[in-house]
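# Tertiary structure, described
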Amino acid sequence: MSQLTESPAWQALEKHTPQLKKLHMRDLFATNAERFEDFSLQAGPIFLDYSKNLMTEETMALLFALARQERVEEHREAMFTGEPVNFTEHRSVLHTALRDLSDEPVLSSHKNVKPDIKAVLAKMKAFVDKVRHGQWLGYSGKPITDVVNIGIGGSDLGPKMVVNALKPFASRKIKLHFVSNLDGSQMAETLKELSPESTLFIISSKSFTTPETMFNAVTARGWFVSRVKNREFIKKHFVAVSTNLEAVERFGIDPHNIFEFWEWVGGRYSLWSAIGLSICIAVGMRHFRELLEGGHKMDVHFRTAPLEENMPVIMGLMGILHNNFLGVYPQAFLAYDHYLNLFPDYLQQLDMESNGKHINRDGESVDYNTGPIVWGDQGINGQHAFYQLLHQGTQPIPCDFIIALDSYNPACGHHPVLMSNFFAQTRALMMGKTEAEVRMEMEQEGLPEEEIKALLPHRVFEGNRSTNSIMFKELNPFTLGALIALYEHKVFVQGVIWRINSFDQWGVQLGKQLAKEIQYDLLDEQPVAKYDSSTNGLVNYYKRYRNIEGNKLLSCNNDWGVLQEIMEKEFK
Ligand code: F6P
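Structural notes, computed from the coordinates. Starting from 1, residues in each chain are numbered consecutively following that chain's sequence as written. This being a predicted model, a pLDDT of at least 70 is required before a residue's local features are given, and a value of 80 or more before pairs of side-chain atoms are given or counted; all residues contribute to the totals for chains, interfaces and linings. Side-chain numbers here rest on the full set of heavy atoms in the structure, without hydrogens or water.

### Section: the sheet that holds strand β12 (residues 399–404)
- By definition, two strands form a pair when at least two bridges between them are found by DSSP. Working definition: helices are DSSP H or I runs of at least four residues, strands are E runs of at least two. Numbering for both runs from the N terminus. One open sheet accounts for six strands, arranged β1-β2-β13-β12-β10-β11; its pairing is mixed. Both outer strands of the open sheet, β1 (40–43) and β11 (373–378), are each paired with one neighbouring strand and no more. For this sheet, the mean inter-axis angle between neighbouring strands, taken without regard to orientation, is 20 degrees.
- Alignment of strand β10 (residues 330–335) against β11, held across six bridges, turns out to be parallel. In the strand pairing of β11, Ala-332 is matched with Trp-375.
- Strand contacts of helix α17 (residues 343–355): β10, β11 and β12, with the helix running at about 170 degrees to β11, the strand carrying the most contacts. What counts as an axis is a line fitted to C-alpha atoms, over the stretch in contact for a helix, and the angles between N-to-C directions run from 0 to 180 degrees. Between two residues, a contact is recorded if the distance between any of their heavy atoms is within 4.5 Å.

### Observations concerning the environment of Val-131
- Inspection of the secondary structure puts Val-131 in helix α8 (residues 114–132).
- Accessibility here uses a 1.4 Å probe with only protein chains present; expressed as a share of the type maximum, an area under 20% marks a residue as buried, one over 50% as exposed, and anything in between as partly exposed. Given the relative accessible area of 1%, Val-131 is considered buried.
- Ignoring sequence-local partners within four residues, the contact set of Val-131 consists of Trp-136, Ile-144, Ile-174, Leu-200 and Ile-281.

### Let's talk about helix α11 (residues 211–228)
- Helix span is expected to be 1.5 Å times the residue number reduced by one. The terminal C-alpha atoms of α11 lie 26 Å apart, and with 18 residues this matches the ideal 26 Å at 1.5 Å per residue to within 8%.
- Along α11, the positions that sit buried rather than exposed are Pro-211, Thr-213, Met-214, Asn-216, Ala-217, Val-218, Ala-220, Arg-221, Trp-223, Phe-224, Val-225 and Val-228.
- Among the residues trailing α11, Lys-229 stands out with phi positive, at a value near 60 degrees.

### Remarks on the packing of helix α6 (residues 72–80) against helix α15 (residues 285–304)
- Two elements in contact, α6 and α15, have axes separated by 10 Å at closest approach and are oriented at 140 degrees. Judged by the inter-axis angle, α6 sits oblique to α15. Contacts between α6 and α15 involve Arg-76, Glu-77, Met-79 and Phe-80 on the former and, on the latter, Asp-299, Phe-302 and Arg-303.
- Throughout this entry, Asp, Glu, Lys and Arg are counted as charged residues, while Ala, Val, Leu, Ile, Met, Phe, Trp, Tyr, Cys and Pro are counted as nonpolar. The remaining residues, Gly among them, count as polar. The residue makeup of the contact of α6 with α15, split by class, is three nonpolar, no polar and four charged. For classification, angles of less than 35 degrees are called roughly parallel, those exceeding 145 degrees roughly antiparallel, those between 65 and 115 degrees roughly perpendicular, and all remaining angles oblique.

### Let's talk about the pattern of salt bridges
- A carboxyl oxygen of Asp or Glu within 4 Å of a side-chain nitrogen of Lys or Arg is what we treat as a salt bridge. Within the structure shown, the criterion is met by 32 salt bridges.
- In this structure, Arg-71 engages Glu-74 in a salt bridge whose closest nitrogen and oxygen atoms are separated by 2.7 Å.
- The exposure class assigned to Glu-74 is partly exposed, which follows from its relative accessible area of 48%.
- Among the ionic pairs, Asp-116 bridges to Lys-111, the shortest N-O distance being 2.7 Å.

### Concerning the site of the ligand
- Taken together, 14 residues form the shell around the ligand, and within it Gly-154, Ser-155, Ser-205, Ser-207 and Thr-210 come nearest.
- A 3.5 Å cut-off defines polar contacts: any pair of N or O atoms within that distance qualifies, except that in protein one atom must be a possible hydrogen donor and the other a possible acceptor, and neighbouring residues in sequence count only when both atoms are side-chain atoms. In this structure, an oxygen atom belonging to the ligand sits 2.7 Å away from a main-chain N or O atom of Gly-154.
- Side-chain polar atom of Ser-205 to an oxygen atom of the ligand: 2.6 Å apart, as the coordinates give it.
- For the ligand, the accessible surface in isolation is 390 Å², of which the surrounding protein chains cover 87%.
- Split into classes, the residues belonging to the shell around the ligand amount to two nonpolar, nine polar and three charged. Note on definitions. A residue lies near a molecule or strand when any single heavy atom of the residue is within 4 Å of it. For the area figures, the Shrake-Rupley method with a 1.4 Å probe applies, and any residue is considered shielded solely by the protein chains shown.

Limitation: the analysis is restricted to geometry and does not speak to function.
Structure follows, in structure tokens:
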């Protein structure tokens, strides 16, 4: 057993939960009229009702004791004050500093990071205002109508989700596109719509070595240069966001067009940095600042509220309860909001890349579950697709239900009906429907006894399935900022309790390395024999039946040399 699972707080929960599993939330609500008041809270613009989770006062006390035992408050302070909490990469984790617009210094390696943040924000503002006001002109004197963000992972999912979520605040004069896929089809389809005269490309990559992004960037540049026939024009149409200024310059982007960020900003936590440039172009700097302020509001709450009244802590503990003590491994996010349709994708990276780890701080393999399987969709669409499993499947899945009280498009009463579905689903999952209730319903329908007997078990709902309900007045930049920060901190709390590093991502390296090796094997027609028989077989099948010969792959792209040079650095 590990130190954590042997610890008193963990053991106390192990002892408590078998009894808990025998309870039904229906009874917990029946015996406590105040359950909603007891287990709900407001933090900034966000309201959370967690009363529909399978837990009691005693469970909560034990969970808070676990958080205290694992020194969540101390770790939280270490993150906010720039200690190298990303201990495998020896880095501070200071995305919170990006959204603290005050002059209060924040140190990373004894250096105040605030002046650099301010300088980049000012540079972003000058650029963004020009683009939005039609003053940043393309090579032929036309204003920008289309912006293509080329990035992947944190350099794509965060900005794309926010741009989508804040559509009601966006300029309709400029269209935003996001290209992440190495499959050339995404870039090809995007470029078909665009004119080189009025398109701006943002190459977003923290490392500026990520192959997917580099390929797409090179392809975009090839497309542009082949049309305008003058490489000088690149500076009016290509900008970059990165921590790797040297690689950006080698790629050929004008140093004036580089927006910097820093190694203490993790990729999946970077939308608050210059990686948010596409957000700024879409909604303007004022709204971007409001997004930052919303994030900061949640930071202040998280940093100062006692654990018992701390929303990210409570949400983290609900996850721990289910994942480690109730044996429920997945977690679903169900946003009842069209503008949040990319939120589950974003949360997937945030949660699974942060906490999908099995090695603890001491370098030992853990003997408990860590990061859950995270998935989700728009709630109302899911009701007609996968909710069957949520209600009657063999595996209970805790769900976060998310909704805004007011819609920006309340056409013909849609919103109250959407709200009623939101309320109904969490109640149905909690209450279920007993045999007696089903029987009564079927008798009222006038069904014959034989049919009642046959159908009854199929129409019973066990209920007792846990949900959080998250509500806010409207989905504006401030609220969205607070919502994102809420989930970031929830993931942090869980990582602390599981004693893992939520801020590295070594797990993505092996696949990258192998792809690089195999890539060279595809350049000729010789069969390979150096891998396992499956990999050899697949590679050779591809070589035998593909339409393009290996040696032609090189000549497809006249910028191959630059690309190789940049990528060599990563793999050497
Ligand atoms: O491969 C995973 C990852 O490193 C993510 O953590 C990151 O968000 C993404 O790739 C993109 O990285 P970069 O911004 O350096 O191109």
